[in-house]
Every structure is written in structure tokens, then in C-alpha cells.
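The primary structure of each chain is shown beneath.
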Amino acid sequence: MRVFKKKVLSRNQAWKNKKRRRRERSRDDDRSQANHIPLDLTLDILSRLPAKSIVRYQCVSKLWSSSIKLPSFINSFTARSTSRSPTLLVTISSGSRKYVFSFPQHHIPDGSICSPFYSYQITNLDHSRSDSIHGLILTSLLKIWNPTLRQFLALPHPDKCSLSRNGSYNSDLSSYLGYDPLEGKHKVLFMSTIECTDQPRVLTLGAQESWRIITKGRCPMHRPCGDGRCFNGILYYIACLLDDSHCIIMSFDVKSEYFNIINYPEGRFCSPFHMISYEGRLALVTYDHPYDYVELDILKDANGHIWRRERYVLHLPYESIRRDLIRFVGTTDVGEFVFAPYVINEAFYIIYFDPRRNSTRKVLFGRNSDEFRRRCGFDSNDYFSMEVYPNHIESLFSL
């Protein structure tokens, strides 16, 4: 009888243990199912985060690292990035030491002291040749810079004529960075500034291709003679026709790779100006010195060479700045004019002028330059130069 009871108790205990293990296994399965998120949903969540966080998350696993580099993920992040407010990218340099800062561009009241979104030091940045074109910047030595990923890509030289005798980049050659928003592609346009003996060439970034000669349409015989601007898929730059030395504005459709000539506004000729995007159109900015007014020639019809001229009286805070020490650096995406100092002495600041509201705001980046000097180890006698890139967006385009 005792033996029978022991067997029954043993069976009951075994059954209870088995039932308990089943419950524990079921709970573990429930927890694992709750923690398991499909990869496509994970990537959708990641695409909503700042680029700085996404770069860190590449170290989570090989799967995450490879997925974040997929073109589909980069395009998804870019689509969301363009819907966010762009930032003001600023580089501050003294000698060979350069620092990069990113500041909010909108909704900063007049007189505010603004803190950067991020900052870091770089050592291999040369003079830029372009604005921030959809997150990338072209430098004078045929390098592409991605400030978000802190990456540089040295482009191959198109041919031997692009190199001078000492092996450096030939200053008689021009290059421009453009972006096609329809296909999401960056392209570099390259040509001679001396004579059009060689046809313009183009290189598509990320396409694993070499420089190729543009064969579509007819390229007017011209030489570039100024900086360029790209927006809405069209690259504009100042040029001179070779047959009569007539100054014109050349437009280059980044997608179709067709050239088109745009005549100057009446009375402008080859006077110095800035090319900007104003209300989605090409505009030429001219001004007196030291900045009492600004005139805009806005392109209404490229085919008919029709321009509209507008003039704005500036109301800059002259009591706190010297007008001869500031320069016009561009416009924001909402149409504000941006002014910045050539050299930083006592304070880092940016001045925004809204022509529609006829209002001005001055934003400080820190209370004074002494704190920046101490933090970065500069002497009190060192001076700083500043480059400003309005409308910068974050880009995950890997170089």
C-alpha cells in the first residue's frame, strides 16, 4: 500500500512539474513574441530618428548595419529628413583647425543664445565650392563631404588636364554639384574654365561609374566664370560665351543633362551678384556696401528671359555690428536673407532679415568667443573665419 501511494505521489509530482515547465515555456514564448519586432517595422522606426542616433545603432548587429545602408532605408530617411526643418551648418576655422556646428535655423527669437545640435572637429576640409546640396558639399579639391556622417570622398580626376604640374587640382577647371530630386541622385559636372576644347563631363555619385562625356543635346561653347547653385533639379552657374565673350547664366538639368542659356536681366551685365533660390525661383542678389538695401532680380520665365526686380531696404542692427564686417551668405527656405561676419572677434552671430515682414533677428552662438577659445585651446590672439551653409539637411548617403 505504501509503495502504491509513493508511486501515485511520484506521478502527481511529475505531472505538476511538467505542467509548471509548460507554463514557464509558454511565458517565455509570449515574452519572445512580444519582444520580436519585424525588421521592416524596426527600420521604419529607425528612419524617424536623428542621423546621429542611426549611425550609433549600426553597431547593434550586422543585420542592422547592412539594413541601414540599404538604398530603400536611405531614401525613406531622406524623405522624412526633407520634411523636417533644415538646419544652419557652420564651420569655424583658425589655421588648419576647423570645427563644425549645426544650429536650428527657424523659430529662434531675436537676441536669443542658441546651442548647437552637434559639433565636432575636422582636419581635412578645404574650401567649399557649393552650398549644402541635399546634405552633401563639394570642395575645391574635388572632394565630396557628408557633414552628417563626417565622411569625405576624393573623386577621381577626369583626365590629366585636371592636374597641374605639381599634381594638385588645376584651378582653371570648374566643378559643380547638382541633385536630381526625381531619381534621388547627386551628380558632379566638370569642365574647363579656359576654353571648351573638351566636352563637359558628369559623374553620378554612388553609381559605381567613371566620368562620362555628356552627349545629350548641344552644349553651347562657353566657359564657366563663377559659382553655381542647384535647386529643384536645375544647376545654374555664371558663364561666358566663347564666340562673343557675352556673359550669360547657364542652366543644366541634372536629370536630363541638357544645357540651356539664360540671358542676364536688363542692365545687369556681368556685375557681381549672388545666385539664390527665392520662392522656388532663381534670383540674383545685388546690394550696396555697406548694406543699406538689397535688390533681387527674380526669374519669371527662363525661356523668355523675363525677370522681375524687387528692392528692399535693410534694417540691420547697426548699433551692435560693423556693416563692413558682415557679408551676405544666402537665404533660408522660408525666404529670409542670412548675413554672417567675415571674421569672428568677440561673438558668434548670424543675422536674419525677412523682406516680407521687414524685420530682423540676430542670433548668438554663445555669449562670447572666450569660452570657445578656452574649450578648444586657442590663444587669445587667434582669430576665426566662418563659413555658413543655410538649409542643410541630414543625409545618410555613404561616401
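See the structure printed just above.
Residues numbered from 1 in each chain as written. Predicted model: local features only at pLDDT ≥ 70, side-chain atom pairs only at ≥ 80, totals over all residues. Heavy atoms only, no water.

Visitor: Tell me about a nonpolar patch on the surface, and name the residues and values.
Guide: Together, Ile37, Leu41 and Ile45 make up a nonpolar patch on the protein surface, roughly 250 Å² of accessible area in all. Relative to the assigned elements, Leu41 resides in helix 2 (residues 39-46). (Patch = residues over 30% accessible without salt bridge, like charges linked within 9 Å, V, L, I, M, F, W, Y side chains within 5 Å. Areas by Shrake-Rupley, 256 points an atom, 1.4 Å probe, with all protein chains shown as cover. Salt bridge = Lys/Arg side-chain N within 4 Å of Asp/Glu carboxyl O. Helix = DSSP H or I, 4+ residues; strand = E, 2+ residues; numbered from the N terminus.)

Visitor: So, empty space enclosed by the protein: which residues are in play, and what are the values?
Guide: The final tally for this structure, using the stated rule, is two cavities of 30 Å³ or more. When its volume is computed, the largest cavity comes out at roughly 40 Å³. Residue assignment for the lining of the largest cavity shows that the elements contributing at least two residues are strand 7 (173-180) and strand 11 (222-231). The element best represented in the lining of the largest cavity is strand 11, accounting for three residues. Each residue belonging to the lining of the largest cavity can be placed in one class, and the counts come to five nonpolar, two polar and three charged. Of all elements in the fold, only strand 7 and strand 8 (185-192) reach the threshold of two or more residues within the lining of the second largest cavity. Residue contributions to the lining of the second largest cavity peak at three residues, all from strand 8. Each residue belonging to the lining of the second largest cavity can be placed in one class, and the counts come to seven nonpolar, one polar and one charged. (1 Å grid on protein atoms, 1.4 Å probe; cavity = no way out; pocket = protein on both sides within 12 Å on 5 of 7 lines; lining within 4 Å. Points joined across faces, edges and corners; volume = space filled by probe spheres on them. Nonpolar A, V, L, I, M, F, W, Y, C, P; charged D, E, K, R; others polar.)

Visitor: Quick one: what's the story with the packing of aromatic side chains, residue by residue and with numbers?
Guide: The description of two aromatic rings rests on the distance between their centres and on the angle between their planes. This model, assessed by the stated rule, comprises 13 aromatic pairs. Consider the rings of Tyr57 and Trp64, whose centres lie 6.3 Å apart with planes at 80°: the pair is edge-to-face. According to the relative accessible area criterion, Tyr57 is partly exposed, its value standing at 30%. Overall, the relative accessible area of 23% leaves Trp64 in the partly exposed class. Ring centres of Tyr278 and Phe337 lie 6.2 Å apart, and the angle between their planes is 55°; this geometry places the pair in the tilted category. Of this pair, Tyr278 sits in strand 15 (residues 274-278) while Phe337 sits in strand 20 (residues 337-341); the two residues are 59 residues apart in sequence, bridging distant segments of the chain. The exposure classification of Tyr278 matches that of Phe337, with both residues buried. The ring centre of Tyr293 lies 3.6 Å from the NZ or CZ of Arg311, which sits over that ring. Here the basic side chain of Lys362 rests over the ring of Tyr349, its NZ or CZ set 4.7 Å away from the ring centre. (Phe/Tyr/Trp six-rings, centres within 6.5 Å; stacked < 30°, edge-to-face > 60°. Buried < 20%, exposed > 50% of the residue type's maximum accessible area, 1.4 Å probe, protein only. Lys NZ or Arg CZ within 6 Å of the ring centre and 35° of its normal.)

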